[in-house]
Amino acid sequence: MRPLSYARADDPVAAIALVAAHAEGAFLAGGTTEVDLARQDVLRPLLLVDINHLPLDDVEDLPGGGLRIGALARMSDVARVPAVMDRFPMISQALVLGASAQLRNMASMGGNLCQRVRCGYFRDVTSPCNKRDPGSGCGAMNGFHRGHAILGVSDQCIATHPSDVAVALVALDAVVHTRGPGGERAIGIDDFFLLPGDTPDREHPLGHGELITAIEVPAVPMARRSVYLKFRDRQSYEFALASVAAAIHVEEGTVTGVRLALGGVGTKPWRARRAEAALFGQPASEDSFAEAAREELAQATPRPQNAFKVDLARRAIVRALNTLMDGEAR
Ligand SMILES: Cc1cc2nc3c(=O)[nH]c(=O)nc-3n(C[C@H](O)[C@H](O)[C@H](O)COP(=O)(O)OP(=O)(O)OC[C@H]3O[C@@H](n4cnc5c(N)ncnc54)[C@H](O)[C@@H]3O)c2cc1C
Ligand code: SF4
């Protein structure tokens, strides 16, 4: 049996100091990832610092139409904020389509960004896994990998990033605000998620004791009409096989603005920049949507069991854009 200490912090400075001072310390928010993994022996914290009482759970309007979402705001609360539902429906929809009602009531936004992969080999400490135990190999590569990634993979790791709301946040160019022993910083969300490369054990650039304090979403007027679609093996309580966050702006039948990001297919929440570039200035037609989706997925590296995701993701992009165009003259 391993001893595990618990401490409760009431302000961010104390929380950061407690974790920073303990090599095996970790923050504890809703605990829906951290506690599972500690029980499974995948993570071995010796000190959990409870941050649930920090005053970081507000969702505030920013001048100009953006939002500042506190790191400890719960998924269920954020999904119901009128400003989120009105100005950023893709965020609200991505949150509601994630996990279960009970989990969403506990799970925090900061914890959601830091959740770990759902790869079965990562969670089974008797299996090889470069992410959990660097250099030990990858059980999924030639094992069961139907749910694994086809974009951003390396020869070290092909695990899919599991978050839904991160996909919407990537599409919107959100910024992650942190505070740590070295001070405060702001990290563009696309840089917050790291590709596995040769270091799959590093999933984000946070230093030890660095606390996410907030996520800022800039004003994106076209996001008022945005959508998050999620495709999975069953309609609730399941991770995405493919998902899409999409927003589009069309003037006189021509695409003049578009945001697209994919979930369930990338080793990080995947901004579909090739598809965005291909669509800009093109007619807002199903043919253009299909061509843009083809260009994005041309860079996919599927393996035998997950090759179906290439077509699934292509179709998902087209479906999302068609959904947005429904009711609008093309
Ligand atoms: C059965 C099940 C199904 C799920 N399905 C989905 C799904 O469909 N879609 C989806 O998106 N998610 C899903 N999830 C994941 C769930 O959303 C995450 O577990 C949750 O968001 C994590 O938040 P938490 O507050 O519980 O984090 P915790 O478990 O408390 O922490 C998670 C990690 O983040 C760190 N951390 C927490 N807060 C901070 C902070 N402010 N700064 C720095 N580090 C921090 C912790 O140290 C820990 O390493 C599912 C989870 C379960 C158990
Ligand atoms: S895919 Fe990644 S997380 Fe899964 S076994 Fe391979 S290295 Fe580990």
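The rules behind the values
Residues numbered from 1 in each chain as written. Chains lettered and ligands numbered in written order. Predicted model: local features only at pLDDT ≥ 70, side-chain atom pairs only at ≥ 80, totals over all residues. Heavy atoms only, no water. Near = heavy atom within 4 Å. Polar contact = N/O pair within 3.5 Å; in protein donor to acceptor, adjacent residues only side chain to side chain. Areas by Shrake-Rupley, 256 points an atom, 1.4 Å probe, with all protein chains shown as cover. Helix = DSSP H or I, 4+ residues; strand = E, 2+ residues; numbered from the N terminus. Nonpolar A, V, L, I, M, F, W, Y, C, P; charged D, E, K, R; others polar. Domains from an automatic or database assignment. Buried < 20%, exposed > 50% of the residue type's maximum accessible area, 1.4 Å probe, protein only. Right-handed = clockwise from strand over helix to strand, strands pointing away. Contact = heavy atoms within 4.5 Å. Arc of directions from axis to C-beta. Pairing = 2+ DSSP bridges. Axes fitted to C-alpha atoms, helices over the stretch in contact; angles between N-to-C directions.

Participant: Where do I start with the site of ligand 1 in this structure?
Facilitator: Around ligand 1 sit 33 residues, and of these Phe27, Thr32, Thr33, Ser108 and Asp164 come closest. Between a nitrogen atom of ligand 1 and a main-chain N or O atom of Ile212, the distance comes to 2.8 Å. For ligand 1, the protein covers 93% of the area, taking 970 Å² as the surface of the free molecule. Only β2 (25–28), α2 (34–39), α7 (109–114) and β8 (211–217) provide two or more residues apiece to the shell around ligand 1. Ranked by residues supplied to the shell around ligand 1, first place goes to α7 with four residues. Among the residues forming the shell around ligand 1, the class breakdown is 15 nonpolar, eleven polar and seven charged. Here the shell around ligand 1 gathers at least three residues from each of two domains, domain 1 (5–50) and domain 2 (222–329).

Participant: Explanation requested: the domain arrangement of the chain in the structure shown.
Facilitator: Put simply, an interface is often sized by how much accessible area is lost when its parts join up. Here the domain parsing of the chain yields domain 1 (5–50) and domain 2 (222–329). Computed from C-alpha coordinates alone, the two centres of domain 1 and domain 2 are separated by 37 Å.

Participant: Looking at this structure, I do not really get the pairing of β2. What am I missing?
Facilitator: The alternating pattern of β2 places Gly25 and Phe27 on one face and Ala26 and Leu28 on the opposite face, and all of these are buried. Handedness of the β-α-β unit built from β2, α2 and strand β3 (residues 47–50) comes out right-handed.

Participant: Sorry, what's going on with the environment of Arg185 here?
Facilitator: Mapped onto the secondary structure, Arg185 falls in strand β7 (residues 183–188). Overall, the relative accessible area of 37% leaves Arg185 in the partly exposed class. It is 29 Å that separates the C-alpha atoms of Arg185 and Asp133, two residues lying 52 residues apart in sequence. In this structure, Arg185 is in contact with Val176, His177, Thr178, Pro205, Leu206, Gly207 and Glu210, ignoring residues within four places of it in sequence. A distance of 2.6 Å separates polar atoms of two side chains, one belonging to Arg185 and the other to Glu210.

Participant: Before we go on, may I ask you to explain helix α1 (residues 12–20) in this structure?
Facilitator: Since the α-helix advances by 3.6 residues per turn, residues separated by three or four positions end up pointing in the same direction. Within α1, the full set of buried residues consists of Pro12, Ala15, Ile16 and Val19. One face of α1 carries all of its buried residues, which in axial projection span an arc of 95°. Lining the buried residues of α1 we find β2, β3, β6 (175–180) and β8. For α1, the N-terminal cap is Asp11; the gap from its side-chain oxygen to the backbone nitrogen of Val13 is 3.1 Å.

Participant: Help me understand the site of ligand 2 in this model?
Facilitator: Close contacts around ligand 2 come from 15 residues, with Cys119, Cys129, Cys138, Cys157 and Ile158 the closest. A breakdown of the residues in the shell around ligand 2 according to their chemical character gives ten nonpolar, four polar and one charged.

Participant: Would you take a moment to explain the sheet that holds β2 for this structure?
Facilitator: By way of backbone hydrogen bonds, the strands of a sheet pair with one another, either parallel or antiparallel. Reading across from one edge, β1-β3-β2 is the order of the three strands in this open sheet, with parallel pairing throughout. The open sheet terminates on both sides in strands that have one partner only, identified here as β1 (5–8) and β2. The sheet shows a mean angle of 25° between the axes of neighbouring strands, taken without regard to direction. Both β2 and β3 contribute to a ladder of four bridges, which runs parallel. Counted as the bridge partner of Leu28 is Asp50 from β3. Strands β1, β2 and β3 of the sheet are contacted by α1, whose axis makes an angle of about 145° with β2.

Participant: I would appreciate a short explanation of the sheet that holds strand β12 (residues 270–271) in the present structure.
Facilitator: Read across the sheet, four strands follow the order β9-β10-β11-β12 without closing on themselves; strand pairing throughout is antiparallel. If you trace the sheet from one side to the other, it starts and ends with β9 (226–231) and β12, each paired once. As judged from the six bridges shared by β9 and strand β10 (residues 242–251), these two strands associate in the antiparallel manner. Residue pairing across strands places Leu229 opposite Val244, the latter belonging to β10.

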